[in-house]
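Coordinate analysis (summary)
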Amino acid sequence: MTEPKVPAPKPRKSLALAMESSEGSIREHGRDFLIAFYSALRSLKLYPVENDQVQRALDSIFDTARSLYEVEGALELRVSHEFLYVNSVRLRLNLNNYATFSHVLTTLRQCGIGMVDVEEGVQRREWQIFLSQLLAYAPSDGVPDLSGLWQRMAQGGITHILLKPPPEHDEAFGDSEEAKDVAKRAYERSVAVTKELIGGVRMGRTASAKKIKRAVQSIVDQVLRNEVSLVGLTVVRGYDEQIFTHSVNVCIFSVSIGKRIGLTKLQLYDLGMAGLLHDFGKSRIPLEILNSEVPLTEEQEEVVRTHPWQGVLALFGLRGHGEIPYRAMVASYEHHMKTDLSGFPKTIEPRQLSMFSKIVAVANGYDTPPVRSFGKGVPVRPDEVLREMRENKDLGYDPILVKALINLLGVYPVGTCVILDTYEIAVVHGANPDLAQLHRPIVRIVVTAEGGRTDGSALVDLASVDETGNYRRSIIKVTEGLDYGINMSDYSV
Ligand SMILES: [Fe+2]
């Protein structure tokens with residue numbers, strides 16, 4: 001057997017100490033799940049489905065999967081090299097469980113399965129059909145091919161168990177459909193967790209830190225591996241979800257900035273946590289103020305301005321964090337302070353703003369919900385927000401961090417609608433990876449020169465030149481997509 005490499009997706013070896021207890025719990029639950037998986041496979045192989053032992057085994061896999069999902073908010077079983085991963089934590093192999101592991105590993109591999117993704121709401125019946133299909137599946141001429149199995153599972157009405165082939169190369173993630181899916185799931189999961197967190201606090205429930213950690217962890221993983229897809233999702237925003245998507249966006253931008261200034265993965269986890277929780281104090285602000293559709297009165301503004309310190313108090317109430325999230329508290333307290341210490345809360349003594357606070361302030365400054373939510377005229381275009389942040393020193397952002405944000409977003413951020421010198425209209429898909437070409441992003445053409453709409457699937461690099469060395473396309477100006485009936489979020493990722 002060749003020396004197995006630790007697979008690239010979601011490597012766990014260098015995980016932060018803070019994550020270790022959570023890893024331990026996944027390992028324990030993951031092992032139970034795997035044993036239940038194995039027992040159900042075996043008993044289904046030996047006995048008819050009505051048999052008591054089969055029924056008990058199905059109960060057991062259903063229960064262990066459900067409790068794992070409840071604790072983790074996700075359940076993924078992944079095969080990589082000689083190992084099995086549950087929610088990207090590698091299950092440890094020992095003499096007692098060797099047979100179980102290798103049986104499950106071999107079965108999945110024979111069927112050409114790289115990952116089993118179990119979604120919320122999976123039925124006991126689906127487990128039974130899925131496992132029976134695994135047993136019945138015989139790849140033609142020994143070559144695993146998932147499509148036959150997919151078909152039979154679909155016929156059996158399985159909708160909550162998704163199978164994926166092993167990735168060709170664990171690293172080759174880039175811009176594929178799968179990469180987008182994974183990013184989207186990480187994003188949606190984080191929005192759901194934030195919603196649950198803030199909604200729960202409003203109803204007097206103590207928030208669980210475990211789920212937040214998992215959400216932050218997946219965001220950091222995605223920023224490190226698949227940043228373009230994840231950043232693309234930040235332009236998709238529903239009005240109702242705004243406070244939740246804003247928290248997730250600030251988390252994503254903070255981690256991306258942190259990555260650019262060379263923070264370690266451990267620091268990125270802490271930073272992501274600070275980003276996601278920076279407005280946690282808003283859970284203590286009355287909803288009628290937060291959701292107000294008319295400009296706030298001075299007194300109401302005052303109440304909103306208490307959210308940084310209210311956040312510190314709210315963070316003391318986080319359950320199961322293991323340690324007090326001091327860095328998130330500091331970032332919550334300081335994220336509206338400017339570099340000259342104006343802003344709010346008012347500072348009495350001179351202080352040194354923490355690096356995390358300055359990063360979160362920049363991320364928060366870019367993802368500007370007040371501009372969009374209080375109906376104060378036309379929403380500000382993303383490129384204008386960036387320019388203002390860079391040029392208006394009174395806003396009090398750290399210039400190096402603003403630069404890092406511009407590096408990430410390009411001069412024309414993702415989702416900006418632009419008119420090209422070819423008379424085509426395009427939506428910015430991502431910054432040019434060549435930092436010398438920040439003015440020439442990667443775009444999707446959405447309207448042709450003749451005025452026809454495209455499906456926006458083709459990506460065009462505005463830095464590409466023709467035979468004579470001239471740029472094929474250049475941006476003439478930034479425009480409002482809505483003027484052309486273009487919904488930017490349709491094309492953002
Ligand atoms: Fe805030």
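Residues numbered from 1 in each chain as written. Predicted model: local features only at pLDDT ≥ 70, side-chain atom pairs only at ≥ 80, totals over all residues.

What to know about the overall build of the protein
- Helix and strand counts for the protein come out as 17 helices and 10 strands.
- Residues classed as buried in the protein amount to 41% of the 493 residues present.
- In the protein, the proportion of contacts linking residues at least 24 apart, taken out of those at least 6 apart, comes to 68%. (Helix = DSSP H or I, 4+ residues; strand = E, 2+ residues; numbered from the N terminus. Buried ≥ 20, exposed ≤ 12 C-beta atoms within 10 Å, placed from the backbone. Contact = placed C-beta atoms within 7 Å.)

Points about the sheet that holds strand β7 (residues 425-430)
- A sheet is described by the order of its strands in space; here five strands give the open sequence β9-β8-β7-β6-β10, paired in antiparallel fashion. Looking at the sheet topology across the chains shown, the edges are occupied by β9 (459-461) and β10 (475-479). Each strand axis lies, on average, 40° off the axis of its neighbour in the sheet, ignoring direction.
- Across five bridges, β7 lies against strand β8 (residues 442-447) in antiparallel orientation. Paired with valine 427 across the strands is arginine 444, a residue of β8. (Pairing = 2+ DSSP bridges. Axes fitted to C-alpha atoms, helices over the stretch in contact; angles between N-to-C directions.)

Thoughts on the pairing of strand β4 (residues 115-118)
- Residue alternation in β4 divides its side chains into a buried set, Val116 and Val118, and an unburied set, Met115 and Asp117.
- Pairing analysis gives four bridges linking strand β1 (residues 75-80) to β4, with the strands arranged antiparallel. Of the residues in β4, the one forming a bridge with leucine 75 is valine 118.
- As judged from the four bridges shared by β4 and strand β5 (residues 161-164), these two strands associate in the antiparallel manner. Each bridged residue has a counterpart across the sheet, and for methionine 115 the counterpart in β5 is lysine 164.

Examining helix α12 (residues 307-316)
- Among the residues of α12, those classed as buried are His307, Pro308, Gln310, Gly311, Ala314 and Leu315. End-on, the buried residues of α12 take up no more than an arc of 155°, which puts them together on one face. (Arc of directions from axis to C-beta.)

So, the environment of valine 428
- Turning to its location among the elements, valine 428 is positioned in strand β7.
- Residues valine 428 and threonine 416, spaced 12 residues apart in sequence, show a C-alpha to C-alpha distance of 5.3 Å.
- The residues contacting valine 428, other than those within four sequence positions of it, are Tyr412, Pro413, Val414, Gly415, Thr416, Val418, Pro441 and Val443.

Re the nonpolar core
- Ranked by internal contacts, the top residues of the largest apolar core, which has 77 residues, are Val216, Ile219, Ile252, Ile257, Val362 and Leu405.
- Sorting elements by how many residues they give to this core places helix α7 (residues 209-233) first, with 10 residues.
- Counting only domains with at least three residues in this core, you end up with domain 2 (177-409) and domain 3 (417-491).
- Not counting chain neighbours up to four residues away, the residues in contact with isoleucine 219 comprise Ala186, Ser190, Cys251, Ile252, Val255 and Gly272. (Core = buried A, V, L, I, M, F, W, Y, C linked by C-beta atoms within 7 Å. Domains from an automatic or database assignment.)

Describing the sheet that holds β5
- Across the sheet, five strands lie side by side as β3-β2-β1-β4-β5; this open sheet has antiparallel pairing. The two strands at the open ends of the sheet, each matched to only one other strand, are β3 (89-90) and β5.
- Relative to β3, strand β2 (residues 83-86) is paired through two bridges, and the arrangement is antiparallel. Pairing of valine 86 across the sheet is with valine 89, part of β3.

Focus: the environment of glycine 114
- Among the structural elements, glycine 114 can be located in the loop between α3 (98-110) and β4.
- Under the C-beta neighbour-count criterion, glycine 114 is labelled partly exposed, with 17 such atoms within 10 Å.

Let's talk about the packing of α7 against helix α9 (residues 265-276)
- Interaxial distance between α7 and α9 falls to 9 Å at its minimum, and their mutual angle equals 120°. Classified by the interaxial angle, the pair formed by α7 and α9 is oblique. Remark: the crossing between α7 and α9 carries right-handed chirality. Judged by residue contacts, Ile212, Ala215, Val216, Gln217, Ile219 and Val220 of α7 engage Lys265, Leu268, Tyr269, Gly272, Met273 and Leu276 from α9. (Parallel < 35°, antiparallel > 145°, perpendicular 65-115°, else oblique. Left-handed = near helix turned anticlockwise from the far one by under 90°.)

Let's talk about the confidence of the model for the protein
- When the pLDDT values of the protein are averaged, the result is 82; 85% of them are 70 or greater.
- Ranking the helices and strands of the protein by mean pLDDT puts helix α14 (residues 355-366) first, with 96, and helix α15 (residues 369-373) last, with 45.
- Segment residues 169-174 is flagged for pLDDT under 50; beyond a separation of four residues in sequence, or across chains, it makes 10 contacts in the model. (pLDDT = per-residue confidence, 0-100.)

Looking at the packing of α7 against helix α8 (residues 242-260)
- In contact at an axis separation of 9 Å, α7 and α8 are set at 80° when each is read in the N-to-C sense. One element, α7, and the other, α8, form an angle in the roughly perpendicular class. Residue-level inspection shows Val216, Ile219, Val220, Val223, Leu224, Glu227, Leu230 and Val231 of α7 in contact with α8, the latter providing Cys251, Ile252, Val255, Ser256 and Lys259.

Concerning unusual backbone geometry
- Following phenylalanine 344, the chain continues to proline 345 via a peptide bond in cis, the omega torsion being -10°.
- With respect to the helices and strands, the residue proline 345 is situated in the loop between α13 (326-334) and α14.
- Even without being glycine, leucine 341 reaches a positive phi, approximately 70°.
- Here leucine 341 shows up in the loop between α13 and α14.
- With phi around 70°, tyrosine 423 is a residue other than glycine that occupies positive phi space.
- Following the sequence through the fold, tyrosine 423 ends up in the loop between β6 (417-420) and β7.

Quick word on α3
- Between its first and last C-alpha, α3 extends 18 Å over 13 residues, near the 18 Å set by a 1.5 Å rise per residue.
- Along α3, the residues classified as buried are Thr100, Phe101, Val104 and Leu108. For α3, the arc enclosing every buried residue in end-on projection is 95°, short of the 170-degree limit, so these residues lie on one face. Away from the buried face of α3 by more than 90 degrees, exposed residues Tyr98, Ala99 and Thr106 are located. (Expected span 1.5 Å × (residues − 1).)

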